[in-house]
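Observations on the three-dimensional arrangement
So the chains spell out like this:
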Amino acid sequence: MSVASGSGIETGAESATTDTASYAPTDLTVPTRGRDRAAYDQELVHAILDEAYVCHLGFVRDGAPVVLPTLYGRVGERLYVHGSTGSRPLRMASDARRQQEDDPGLAVCLTVTHVDGLVLARSAFHHSINYRSVVIHGTAHQVTDPEEKRAALDSLVDHVVPGRSADSRPANAKELAATAVLSLDLAAVSAKVRTGGPNDDPEDLDLPHWAGVVPLRKGHDALIPSADLASGIDTPDYLIEL
């Protein structure tokens, strides 16, 4: 079972696709096997992206693959990826822009995955997980416009905690200079989802082993105020509503 390969919606018993607004399949996003499981539904992709906190950004440096976990935010059909000016993908994007005036950008693959359940089958072979994942191929560009950069940084903060950017000090000039942002348009995009129980072979159904799903869920524990929080500052509504 591949979580971040090709794309598709896979259930414990069958596959399904939707007919809403969708991304156009490309050579990069159409799987070579199980094409009936492919899904490019825009609403599904947005939902998966908006619920996660961390993405994994893959690229090639000096002929070797590199994959980095990082924060991101979505604004419409564009993702913004956070980094420092000294990070490898940001340095590579800057080098490419300096070498060519038209900014060729950096070829990347970005993935986001949720694990929703542990699927325990009667046979070891059929164990799996329930998941939701998105894979995005494209060319990332460093954001240089000051207004877009500020808006992108706001989106990164609000992606983690909606409403937080308006309730914190904006980055100053020194902080902005030390922070870099990559933009990546949602064009070559695919989603893959597995739900349901185990797919045991018929001859294994009578084996004396428990089978089923261990559901997983994301949640928040009680807030821990900073030890140096000034007195009189109440917990904001957007944190109470998390």
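Residues numbered from 1 in each chain as written. Predicted model: local features only at pLDDT ≥ 70, side-chain atom pairs only at ≥ 80, totals over all residues. Heavy atoms only, no water.

**Some details on the overall build of the protein**
Of the regular secondary structure elements, the protein holds 5 helices and 9 strands. Ordered by position from the N terminus, the helices and strands of the protein form the series β-α-β-β-β-α-β-β-α-α-β-β-β-α. Residues classed as buried in the protein amount to 37% of the 242 residues present. The long-range share in the protein, meaning contacts at least 24 apart out of those at least 6 apart in sequence, stands at 73%. (Helix = DSSP H or I, 4+ residues; strand = E, 2+ residues; numbered from the N terminus. Buried < 20%, exposed > 50% of the residue type's maximum accessible area, 1.4 Å probe, protein only. Contact = heavy atoms within 4.5 Å.)

**Quick word on the packing of aromatic side chains**
Summed over the entire model, instances satisfying the criterion amount to 0 aromatic pairs. Of note, K218 hangs over the ring of Y53, and the distance from its end group to the ring centre comes to 4.6 Å. (Phe/Tyr/Trp six-rings, centres within 6.5 Å; stacked < 30°, edge-to-face > 60°. Lys NZ or Arg CZ within 6 Å of the ring centre and 35° of its normal.)

**Focus: a nonpolar patch on the surface**
A cluster of nonpolar side chains, namely V115, L118, W210, V214 and L216, defines an oily patch on the protein surface of about 440 Å² accessible area. Looking at where W210 falls in the secondary structure, it is placed in the loop between β8 (188–195) and β9 (212–215). (Patch = residues over 30% accessible without salt bridge, like charges linked within 9 Å, V, L, I, M, F, W, Y side chains within 5 Å. Areas by Shrake-Rupley, 256 points an atom, 1.4 Å probe, with all protein chains shown as cover. Salt bridge = Lys/Arg side-chain N within 4 Å of Asp/Glu carboxyl O.)

**Re the pattern of salt bridges**
Counted under the stated rule, the structure contains 9 salt bridges. Notably, a salt bridge pairs D62 with R61, separated by 4.0 Å at the nearest N-O pair. Residue D62 is classed as exposed on the basis of its relative accessible area, which comes to 74%. Look at the salt bridges and you will find they share partners, linking E51, D116 and R132 into a network.

**Some remarks on the confidence of the model for the protein**
Detailed conclusions should not be drawn from predicted coordinates in areas where pLDDT is low. Taken residue by residue, the protein gives an average pLDDT of 86. The fraction at 70 or more is 81%. Summarising per-element confidence for the protein, the mean pLDDT is lowest in strand β1 (residues 8–11) (46) and highest in β9 (98). (pLDDT = per-residue confidence, 0-100.)

**Thoughts on the nonpolar core**
Of all hydrophobic cores here, the largest spans 28 residues; its most connected members are L49, L110, V112, V134 and I136. Of all the elements in the fold, those that place two or more residues in this core are α1 (42–51), β2 (54–61), β3 (64–75), β4 (78–84), β5 (106–120), β6 (128–142), β7 (179–185) and β8. Setting aside residues no more than four positions away along its own chain, L49 makes contact with Y72, R74, L79, V112, V134, I136, H159 and L186. In this structure, Y80, V143, L153 and V181 belong to the second largest nonpolar core, which totals 7 residues. (Core = buried A, V, L, I, M, F, W, Y, C linked by side-chain atoms within 4.5 Å.)

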